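In case you want the letters, here they are:
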Amino acid sequence: MTSMKDPYRNDVFEDEHGHRVAVKRLYTPNELGVSYVEYKNYDDSALRFMPKEQFMEVFHWVDNFGTTDTFVRPEEVVEAPKQAPKEPDSPASPKQESDQQQAADTTPPKRIS
């Protein structure tokens, strides 16, 4: 079980406004005895640093990222295109093949989300 005084990698913390952060790393204390917490906000991907004592004053432990559902659920189910029946092989002219290749090259890639 995670101790409330020691944040660990992949722990999820929340502040009083409900903003969640995930702990990336806890640094060992430096010469002055200050230990830093490296974390990321859920809203952006920028890494942030804060002394551990200050971090624990601002945030409270909520969950461990390992238990959080991170799988993407598709909103629409896309069916695979049905294959058209094959036409008999007919000799295509080099001009037709060149035009087909150029059309395929200029088609922008589709974004999968």
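These numbers were taken from a predicted model, which means no experiment stands behind them.

*Asks:* Describe the side chain of Glu38, listing the residues and the values that go with them.
*Replies:* By the secondary structure assignment, Glu38 is in strand β3 (residues 36-41). One buried charged side chain, Glu38, makes no salt bridge at all; its nearest oppositely charged neighbour is Arg25, positioned 4.6 Å away. At 3.0 Å, the side chain of Glu38 and the side chain of Tyr27 are in polar contact. The residues contacting Glu38, other than those within four sequence positions of it, are Ala22, Val23, Lys24, Arg25, Tyr27, Leu47, Arg48 and Phe49.

*Asks:* Tell me about the nonpolar core, and please be specific about residues and values.
*Replies:* Phe13, Val21, Val23, Val37, Tyr39, Met50, Phe55 and Phe59 together form the largest nonpolar core, which totals eight residues. If you list the elements that add at least two residues to this core, you get β2 (20-26) and β3. Contact partners of Met50, with chain neighbours within four places excluded, come to Ser35, Tyr36, Val37, Tyr39, Phe55, Val58 and Phe59.

*Asks:* How would you explain a positive patch on the surface if you had to name every residue and give the values?
*Replies:* A cluster of like positive charges, contributed by Arg9, Lys24, Arg25 and Lys40, occupies part of the molecular surface. In this structure, Arg9 sits in the segment before β1 (11-14). For Arg9, a relative accessible area of 51% gives the class exposed.

What counts, and at which threshold
- Residues numbered from 1 in each chain as written.
- Predicted model: local features only at pLDDT ≥ 70, side-chain atom pairs only at ≥ 80, totals over all residues.
- Heavy atoms only, no water.
- Helix = DSSP H or I, 4+ residues; strand = E, 2+ residues; numbered from the N terminus.
- Buried < 20%, exposed > 50% of the residue type's maximum accessible area, 1.4 Å probe, protein only.
- Lys, Arg positive; Asp, Glu negative; His and termini not counted.
- Salt bridge = Lys/Arg side-chain N within 4 Å of Asp/Glu carboxyl O.
- Polar contact = N/O pair within 3.5 Å; in protein donor to acceptor, adjacent residues only side chain to side chain.
- Contact = heavy atoms within 4.5 Å.
- Core = buried A, V, L, I, M, F, W, Y, C linked by side-chain atoms within 4.5 Å.
- Patch = residues over 30% accessible without salt bridge, like charges linked within 9 Å, V, L, I, M, F, W, Y side chains within 5 Å.
- Areas by Shrake-Rupley, 256 points an atom, 1.4 Å probe, with all protein chains shown as cover.
- Charge placed at Lys NZ, Arg CZ, Asp CG, Glu CD.

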